[in-house]
Protein chains: 2
Amino acid sequence: MRVFKIPEATIMRLSVYSRFLTKVKKQGKVTISSNDIAKGAGVNSAQVRKDLSFFGEFGTRGVGYNVEELEWDILKILGLTVEWNAALVGFGHLGHALALHRGFQERGFNFTCIFDNDPLKIGTKLNDVEVLPLAKLEEVVAQNHTRIGVISVPADAAQDIADSLVRAGVQAILNFAPVYLSVPQDIELRNVDLAVNLEVLTFYLEMHRQGYSTERTPNLAK
Amino acid sequence: MRVFKIPEATIMRLSVYSRFLTKVKKQGKVTISSNDIAKGAGVNSAQVRKDLSFFGEFGTRGVGYNVEELEWDILKILGLTVEWNAALVGFGHLGHALALHRGFQERGFNFTCIFDNDPLKIGTKLNDVEVLPLAKLEEVVAQNHTRIGVISVPADAAQDIADSLVRAGVQAILNFAPVYLSVPQDIELRNVDLAVNLEVLTFYLEMHRQGYSTERTPNLAK
């Protein structure tokens, strides 16, 4: 099997580049330089070229990139030329926010099933999607061949949910519960720990208070 | 000025370690090995020791770490032995979820002011905090000497909000809007782009579909 080593920060920046390209495309721009993409993404143009170089040759020296072509090429790299169905587990405030997050819909992510254990939420609908009891999770996710699970339940419930999602056959999990989840090696797991992100900031503020200067890290590869 | 270079992934892991230590402390554990911390955080013990070594000597060879001491030491490093007041701008679904996120309160983050431009939200209260109009942002944030701003407004409004927060004197911004924000060098900016996190997963799934094996990245340093 071919191993493909790409820095994760590169993947995250590609996502940002493609969204910027979508924006300038809507503004009617036809060609764009790596420098302009860099400006729009808050990195330098060498970074843009390096990130793209992992995936082949793009653009024309001296001319730049065709906006629509590059947007499409990056979307293809990111697997976003198709729509993705995801299962949302945990329909609390965060789950609700995720289900309604325009940033997901715009990029082709659809929550086709939502689960919660709260009797007051079960049976309610978000758009056409009914909130189902957790007891139905494995059956429904397996039936729909849903490949992505998003976990927004409390920390102490998250591992059980992850186990159910894995048994139901999901291949990737996005976890918002502030806890480490153990999953099989072949499952792609990504944690978004909201508090961690604030604590990186307080760390820097505390360092400054102590009179240290901290290296400013590029703010997009997060 | 002393420059202090710490890998950001280290800071993020420290945040995870400290939360794990809080958990085992509640379970009555008095001492713990780097190996157990590593297990609880999904990394290896060498990583734990290396992360801690940036900040001095911790624990006793052969004995391990005193849970409560190490928890406190890490909280000190992260600037979390004090409470932090933050301003929340954008009280939509995501803003609401952030304001109620237990993970923030548990770690000493308080949203002491909330702003939105929706007349239906202005004047409503979350706990004791009244939602104020955006027009009040600079005045109130400056008066309260709020040092952290959290942005959860749509992408096209985010830069203006960031500018206002900077004028009001915040030192750090956590941005949830899917757009690159330009801020002065001395402002700590961190972006949490929810779609980017899903797109890293679809990238891996697409690579697998094409028959590539991708390097599994440790799932916590995110």
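Residues numbered from 1 in each chain as written. Chains lettered and ligands numbered in written order. Predicted model: local features only at pLDDT ≥ 70, side-chain atom pairs only at ≥ 80, totals over all residues. Heavy atoms only, no water.

Caption draft 1: Quick look at the overall build of chain A. Across its full length, chain A carries nine helices and 11 strands. By its C-alpha atoms, chain A is 60 × 50 × 40 Å across when sized along the principal axes. With 222 residues in all, chain A has 53% of them scored as buried. Long-range contacts, defined as pairs at least 24 residues apart, comprise 56% of the intrachain contacts of chain A with a sequence gap of at least 6. For chain A, the accessible surface area stands at approximately 9900 Å², while carbon and sulfur atoms represent 50% of it. (Helix = DSSP H or I, 4+ residues; strand = E, 2+ residues; numbered from the N terminus. Buried < 20%, exposed > 50% of the residue type's maximum accessible area, 1.4 Å probe, protein only. Contact = heavy atoms within 4.5 Å. Areas by Shrake-Rupley, 256 points an atom, 1.4 Å probe, with all protein chains shown as cover.)

Caption draft 2: Structural detail: the sheet that holds strand S10 (residues 188–191) of chain B. Residue and element names in this part refer to chain B. The mixed open sheet is built from seven strands, whose spatial order is S6-S7-S5-S4-S8-S9-S10. Sheet topology places strand S6 (125–126) and S10 at the edges, where each strand pairs with a single neighbour. Note that S6 and strand S7 (residues 129–133) share two bridges and pair antiparallel. For Lys125, the partnering residue across the bridge sits in S7 and is Glu130. (Pairing = 2+ DSSP bridges.)

Caption draft 3: Structural context of the relation of the copies chain B and chain A. Superposition record for chain B on chain A: RMSD 0.0 Å, screw rotation 180°, translation along axis 0.0 Å. The two molecules are tied by a two-fold rotation axis, judged by turn and shift. (Least-squares fit on C-alpha atoms with pLDDT ≥ 70 in both.)

Caption draft 4: Summary view of unusual backbone geometry. All names here are of chain A. One non-glycine residue, Asn127, lies in the positive phi region at around 50°. Following the sequence through the fold, Asn127 ends up in the loop between strand S6 (125–126) and strand S7 (129–133). With a phi close to 50°, His145 is a non-glycine residue in the positive phi region. Following the sequence through the fold, His145 ends up in the loop between helix H7 (137–143) and strand S8 (148–151). The class for His145 is exposed, based on a relative accessible area of 65%.

Caption draft 5: Quick look at the pairing of strand S5 (residues 109–116) of chain A. Residue and element names in this part refer to chain A. Within S5, six of the eight residues are buried, which leaves it mostly tucked inside the rest of the structure. As judged from the six bridges shared by strand S4 (residues 84–89) and S5, these two strands associate in the parallel manner. Looking across to S5, one finds that Ala86 is bridged to Phe111. Pairing analysis gives three bridges linking S5 to S7, with the strands arranged parallel. Looking at the pairing, Asp116 lines up with Pro133 of S7.

Caption draft 6: The arrangement of the sheet that holds strand S9 (residues 172–175) of chain A in detail. A sheet is described by the order of its strands in space; here seven strands give the open sequence S6-S7-S5-S4-S8-S9-S10 (chain A), paired in mixed fashion. Only two strands of the sheet have a single partner each, and these edge strands are S6 and strand S10 (188–191) of chain A.

Caption draft 7: Focus on the environment of Cys113 of chain B. All names here are of chain B. Residue placement: Cys113 occurs in strand S5 (residues 109–116). By relative accessible area, Cys113 is classed as buried at 2%. Taking the C-alpha atoms as reference points, Cys113 and Leu137, 24 residues apart in sequence, are found 8.7 Å from one another. Excluding anything up to four places from it in sequence, Cys113 contacts Ala86, Ala87, Leu88, Val129, Val140, Val141, Asn144 and Thr146.

Caption draft 8: Region of the structure containing the interface of chain B and chain A. In this complex, chain B contributes 82 residues to the contact, which on the side of chain A involves 83 residues. Roughly 7900 Å² is buried in total at the junction of chain B and chain A, and carbon and sulfur atoms are behind 65% of that figure. Between chain B and chain A we count six salt bridges in total. As a salt-bridge pair, Glu199 of chain B and Arg107 of chain A come within 2.6 Å of each other at their nearest N and O atoms. Counting residues per element, the side of chain B that touches chain A draws most heavily on helix H9 (residues 194–209) of chain B, which supplies 15 residues. In terms of residue class, the side of chain B that touches chain A is made up of 45 nonpolar, 20 polar and 17 charged. (Buried area = accessible area lost by both parts, 1.4 Å probe. Salt bridge = Lys/Arg side-chain N within 4 Å of Asp/Glu carboxyl O. Nonpolar A, V, L, I, M, F, W, Y, C, P; charged D, E, K, R; others polar.)

Caption draft 9: Quick look at helix H1 (residues 8–26) of chain A. Residues and elements named next belong to chain A. In a regular helix each residue adds 1.5 Å, so 19 residues correspond to 27 Å; H1 covers 28 Å between its end C-alpha atoms and thus fits that length. Most of H1 sits inside the fold, with 15 of its 19 residues counted as buried. Once H1 finishes, Gly28 follows within two positions and takes phi at roughly 90°, a positive value. (Expected span 1.5 Å × (residues − 1).)

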